[in-house]
Amino acid sequence: MGLDLYAKIEPFLDFEEEVYTLHKEFLRFVMTNDLDNIIDIGCGQGYFLENLRVNKKKYFGIDLSVEQIKVCQSKGLNAQAVALKDVKEKFDCATAIFDVLNYIPKEELKTFLKETNEVLNQGAYFIFDVNSYFGFDEVAQGTITIDFEDKFIAIDANFEDEKLQTDITLFEEQENGLFTKEQDSIIQEYHSKELLTNVLEEIDFEVVEIKEFNLHTDEIADKLIFICRKK
């Protein structure tokens, strides 16, 4: 679903400030509640795992992108390219940061949340963020082009029928001076607060708090952060 191509271009997208701000919010909750033994679902290139390691927390990261996990492992992080359903260990906290749940189609949402519930110990926390409707409609969609001497990146994101389709094109210069072209797409879905709350409660999560969070504007929340606990 375009995740490996996204992994190639992610370092050039200038998301550092947004990622830092969001990770700071999650880490604050982890530290305030003295949580340990944490699984980070959809860990990407391991930025949050690095924060956990620095703070001497026991952690494990998983991601479906082999390319992302290669980056994690090159940093010496404890991470694997493995599906959530194949994780056998139990954890005291699970995190899913930077739109991970928006990559899950509505028809698969209950299965994903059930699998998350199953890797948690009783009373463990599950913390995640999702894009608000405003976050998709006003912030996420649009076109970006990035031009370097040895590569050209084009990203076109369109939000329609509660789905954001992001088309990625990468031209990259090879050693022989010729350029190769790669293209792929990523689809994310808007999940309403009501839908998520209903599904979470149905599979024995208690929704402790839902925070409105602003990454790009002070006026309207572009993200919601869910803090849940396994009953």
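About the thresholds
Residues numbered from 1 in each chain as written. Predicted model: local features only at pLDDT ≥ 70, side-chain atom pairs only at ≥ 80, totals over all residues. Heavy atoms only, no water. Helix = DSSP H or I, 4+ residues; strand = E, 2+ residues; numbered from the N terminus. Buried < 20%, exposed > 50% of the residue type's maximum accessible area, 1.4 Å probe, protein only. Contact = heavy atoms within 4.5 Å. Areas by Shrake-Rupley, 256 points an atom, 1.4 Å probe, with all protein chains shown as cover. Lys, Arg positive; Asp, Glu negative; His and termini not counted. Charge placed at Lys NZ, Arg CZ, Asp CG, Glu CD. Expected span 1.5 Å × (residues − 1). Core = buried A, V, L, I, M, F, W, Y, C linked by side-chain atoms within 4.5 Å. Phe/Tyr/Trp six-rings, centres within 6.5 Å; stacked < 30°, edge-to-face > 60°.

An unreviewed UniProt entry lists the protein chain under the name Methyltransferase, from Arcobacter defluvii.

S.K.: Teacher, can you tell me more about the overall build of the protein chain here?
M.R.: Counting its secondary structure elements, the protein chain contains seven helices and 11 strands. Based on the C-alpha atoms only, the size of the protein chain along its principal axes is roughly 55 × 40 × 30 Å. When the 231 residues of the protein chain are sorted by exposure, 48% land in the buried category. Restricting the contact set of the protein chain to residue pairs at least 6 apart, pairs at least 24 apart contribute 61%. Taken as a whole, the protein chain presents about 12,000 Å² of accessible surface, with 46% of it coming from carbon and sulfur. Mean positive and mean negative side-chain charge positions of the protein chain (24 and 48 charges, respectively) differ by 9 Å.

S.K.: Help me understand the side chain of Q188, please; the structure alone is not making it clear to me.
M.R.: Following the sequence through the fold, Q188 ends up in strand 9 (residues 179-189). Excluding its chain neighbours within four sequence positions, the residues that come into contact with Q188 are D99, N102, Y103, F136, E162, K163 and L164.

S.K.: Hey, could you run me through helix 5 (residues 106-118) in this one?
M.R.: An α-helix turns once per 3.6 residues; consequently, residues spaced three or four apart project the same way. A rise of 1.5 Å per residue sets the reference length of helix 5, with its 13 residues, at 18 Å; its end C-alpha atoms lie 19 Å apart and thus fit the reference within 8%. Of the positions making up helix 5, those classed as buried are L109, F112, L113, E115, T116 and N117. Packed against the buried residues of helix 5 are strand 1 (38-41), strand 4 (91-96), strand 5 (120-131), helix 7 (193-202), strand 10 (205-213) and strand 11 (223-230).

S.K.: Could you clarify how one ought to interpret the nonpolar core in this entry?
M.R.: Counting 31 residues, the largest nonpolar core has I39, L101, L113, F126, F128 and F226 as its most contacted members. Sorting elements by how many residues they give to this core places strand 5 first, with five residues.

S.K.: Is there a simple way to think about the packing of aromatic side chains in this case?
M.R.: By convention here, two paired aromatic rings are described through the distance between centres and the angle between planes. Scanning the entire structure with this criterion turns up 11 aromatic pairs. Seen in terms of ring centroids, F128 and F226 are 4.9 Å apart; in terms of plane orientation they differ by 5°. Their pairing is stacked. Placement of F128 in strand 5 and of F226 in strand 11 is noted, with a sequence separation of 98 residues between them. For F128, a relative accessible area of 0% corresponds to the buried category. The class for F226 is buried, based on a relative accessible area of 0%. An aromatic cluster of at least three residues, connected via ring pairs, comprises F126, F128, F205 and F226.

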